[in-house]
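Secondary and tertiary structure notes
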Amino acid sequence: MTRPEVPYLPGPALLAHVISGKYCQHQPLYRQSEVYGYAGVHINRSTLTHWIGAGFQLVSPLVAAIRRHILCGAQVHADDTPLPVLDPGRGRTKTGYLWTYVRDERPWGGPAAPAVWFEYSPNRKGEHPCRHLRDFAGVVSVDAYAGFDDVFECLKPEKHKNKRPRAGPTRAKRSLCWAHARRKLYDLYIALESPIAREAVERIDELYGIETEIRGLSAEDRRCERQARAVPLLDALYAWFMSKLAQLPKKSELAKAIRYAFKPKHWPALTYYCTDGHVAIDNNAAERSLRSVALGRKSYLFAGSDAGGERAAAMYSLIGSCKLNKIDPEAYLRYVFEHIADHPINRIDDLLPWNVVLDSTMPVRQAA
């Protein structure tokens, strides 16, 4: 009679290798189990799952520290992406979501290290970003997904007809993403070869040209440059949008793309970045942080449970923050697993990726 395999915890190097293999190199656990088998080391997939769960428990204080680091900044980039999750008993998967929040002060020379924090939720309701950002006071760069509206307590025109729409309340300001507005117009230009769409894209590209030139300047210098150079372009773009809408059929795709930027609820948030040099023109930092999730999703297809989604969020937080700081994720995780058990919890920030000095003898690869 074969005795059942008893899960055990591996050494720090093997644990880091397994976690990095799944969440950084996008290798599902069944594939890792096969690879170990070819080398004569037989490790069941259930054992690998147990190891990742144990690793999740170890790094949870670090994920909480990354969350605190991000929420104390002046700006955060926010976005979400679906994550299929196995739904036992129904013979199919359900759709969970990973929410990403990025702090990146490099465009204006800020002193804080860049970082990303992920959270998992079983659905896409607006209550989740509200809960995630309840302690944040600053500017949130987002797309126009209505689920974020409660974060900013946006005024609804039908209920407040005499009040002017705004980007958001004092506690959390909304900055909408120009990349989203441009993408809708660019897609129509490619599909229809529309001269109106082409001119709209060219006008928006002028705004991006200014951003390229002022990258790295102080927040105040960026604000002054935008006020002097971008605001006149935005005023002209608004007037041009108004004139073109009068020429287009109301239900045309091009009119819809223009109204996305033109509508009263969106325009104040699209132009808000000109009033604050800390704020980016778009939300691309959040979208870039989701690339690893998209690659992993193609490989392992779905998470095994809601708990698996929470583990993925934690590991993507650490690995994504390593990549932003150009640190090898596997070497970092190995260091953490070697030291965290004996590390004082009141000094947990010392183990954040940007505060750790890795041993030069550790194998270090370029972070993908």
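Quick caveat: nothing in here was measured; it's all calculated off a predicted structure.

Another point: helix α2 (residues 29-38). For α2, the set of buried residues is Leu-29, Gln-32, Ser-33 and Tyr-36. Looking straight down α2, one finds its buried side chains confined to an arc of 105 degrees; they lie on one side. Positive phi appears at Gly-40, one or two residues downstream of α2, with a value of about 85 degrees.

Attention shifts here to the sheet that holds strand β3 (residues 115-121). The strand order across the open sheet built from five strands is β3-β2-β1-β4-β5, with neighbouring strands paired in mixed fashion. Here the strands that pair on one side only, and so sit at the sheet edges, are β3 and β5 (172-176). Strand-to-strand twist in this sheet, taken as the mean axis angle between neighbours without regard to direction, amounts to 30 degrees. Where helix α3 (residues 45-71) meets the sheet, it contacts β1 (75-87), β2 (92-103) and β3, and its direction lies at approximately 115 degrees from that of β3.

Its identity as a non-glycine residue notwithstanding, His-26 has a phi of 65 degrees, on the positive side. Along the chain, the position of His-26 falls in the loop between α1 (12-23) and α2. Given a relative accessible area of 14%, His-26 falls into the buried group.

Cut-offs used in this document
Residues numbered from 1 in each chain as written. Predicted model: local features only at pLDDT ≥ 70, side-chain atom pairs only at ≥ 80, totals over all residues. Heavy atoms only, no water. Buried < 20%, exposed > 50% of the residue type's maximum accessible area, 1.4 Å probe, protein only. Helix = DSSP H or I, 4+ residues; strand = E, 2+ residues; numbered from the N terminus. Arc of directions from axis to C-beta. Pairing = 2+ DSSP bridges. Axes fitted to C-alpha atoms, helices over the stretch in contact; angles between N-to-C directions. Contact = heavy atoms within 4.5 Å.

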